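Single-letter residue listing:
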Amino acid sequence: MALRTFVRVSGINNLSDARYCAGMEVDELGFNINADHENYTDPQKFKELAEWVSGVEFIGEITSDNPDLKKLVADYQLDGLQVAEIALIDDAINTGLKVSFVANDIVEAKNAWDASGNKLDAVVLNNSNISNNELKELSLELPLVLTEGFDESNLEELLNETQPKGIALTGGDEIRPGYKDFDELADILELLEIDDLA
């Protein structure tokens, strides 16, 4: 089984999500590594989660605007960083990890791409108010990952019309330890299974 497009699942904070997503062969799992964030994953919890999954890359999600990135990532075994401030792009690239940027609109997406010297691994864009034609043009310029404006009813059409690098989904809290409702995540991931689209 494989998925027809690149998929990152952000906001991972529990083993149920991590194992389910790895089993569905998503490409990346994102963990918030800012201590002041409500969804913070500390280094020990990250290590415990990471030991249970394989075949995925781990992305540290940075939400604060002025962290010491090298110090912040030292306690994590990460493959990449996701930042949301253009001023952090150079520092993120200097960690030696691959870097993605979260953009709020097309202008910010293009500015981040330019600021990186075209080195970003992905530009994650909230595309809910952007036309498919604009998204297609942007996908030709940079590695675009879409976060909004799709569900199982329109995702295939969106991917065909816009040709992005992929999509980003969001994990959620467990109902109780070891028990999780995957309905929304499962609907999208099952749709993306190559066997289902053949």
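Residues numbered from 1 in each chain as written. Predicted model: local features only at pLDDT ≥ 70, side-chain atom pairs only at ≥ 80, totals over all residues. Heavy atoms only, no water.

Explain the confidence of the model for the chain to me, please; I cannot follow it from the model alone.
In regions of low pLDDT, the predicted coordinates are not meant to be interpreted in detail. When the pLDDT values of the chain are averaged, the result is 89; 91% of them are 70 or greater. In this model, residues 174-181 is a region of pLDDT below 50 whose contacts with residues beyond four sequence positions or in other chains number twelve contacts. (pLDDT = per-residue confidence, 0-100. Contact = heavy atoms within 4.5 Å.)

Just to check I follow, could you spell out the side chain of Ser-10 for this structure?
The residue Ser-10 is located in strand 1 (residues 6-10) in this model. Assessed through its relative accessible area of 13%, Ser-10 is described here as buried. Once residues lying within four places of it in the same chain are set aside, the contact partners of Ser-10 are Gly-30, Glu-61, Gln-82, Leu-169, Thr-170 and Gly-171. (Helix = DSSP H or I, 4+ residues; strand = E, 2+ residues; numbered from the N terminus. Buried < 20%, exposed > 50% of the residue type's maximum accessible area, 1.4 Å probe, protein only.)

Can you walk me through the pattern of salt bridges in this structure?
Side chains bearing opposite charge may pair, as long as their charged atoms lie close to each other. Under the criterion given, the structure shown has seven salt bridges. Of the charged contacts, one joins Lys-98 and Glu-28 as a salt bridge, the two residues approaching to 2.7 Å between their closest N and O atoms. Residue Lys-98 is located in strand 5 (residues 98-103), and its partner Glu-28 is located in strand 2 (residues 28-32); the two are separated by 70 residues in the primary sequence. Across the pair Glu-57 and Lys-98 runs a salt bridge, and its minimum N-O distance is 2.3 Å. Separated by 41 residues along the polypeptide, Glu-57 in strand 3 (residues 57-61) and Lys-98 in strand 5 bring together distant segments of the chain. Take Lys-98: its relative accessible area is 26%, and that puts it in the partly exposed class. The network of salt bridges with shared partners includes Arg-8, Glu-28, Glu-57, Lys-98, Asp-121 and Lys-165. (Salt bridge = Lys/Arg side-chain N within 4 Å of Asp/Glu carboxyl O.)

What's the story with the packing of helix 5 (residues 106-115) against helix 6 (residues 132-141) in this structure? I'm lost.
The axes of two packed helices give the description: the angle between them and the distance between them. Relative orientation of the contacting elements helix 5 and helix 6 amounts to 5°, with a least axis distance of 12 Å. With respect to each other, helix 5 and helix 6 are oriented roughly parallel. Across from Ile-106, Ala-109, Lys-110 and Trp-113 in helix 5, the residues of helix 6 making contact are Glu-134, Leu-138 and Glu-141. Per-class residue counts for the contact of helix 5 with helix 6 are four nonpolar, no polar and three charged. (Axes fitted to C-alpha atoms, helices over the stretch in contact; angles between N-to-C directions. Parallel < 35°, antiparallel > 145°, perpendicular 65-115°, else oblique. Nonpolar A, V, L, I, M, F, W, Y, C, P; charged D, E, K, R; others polar.)

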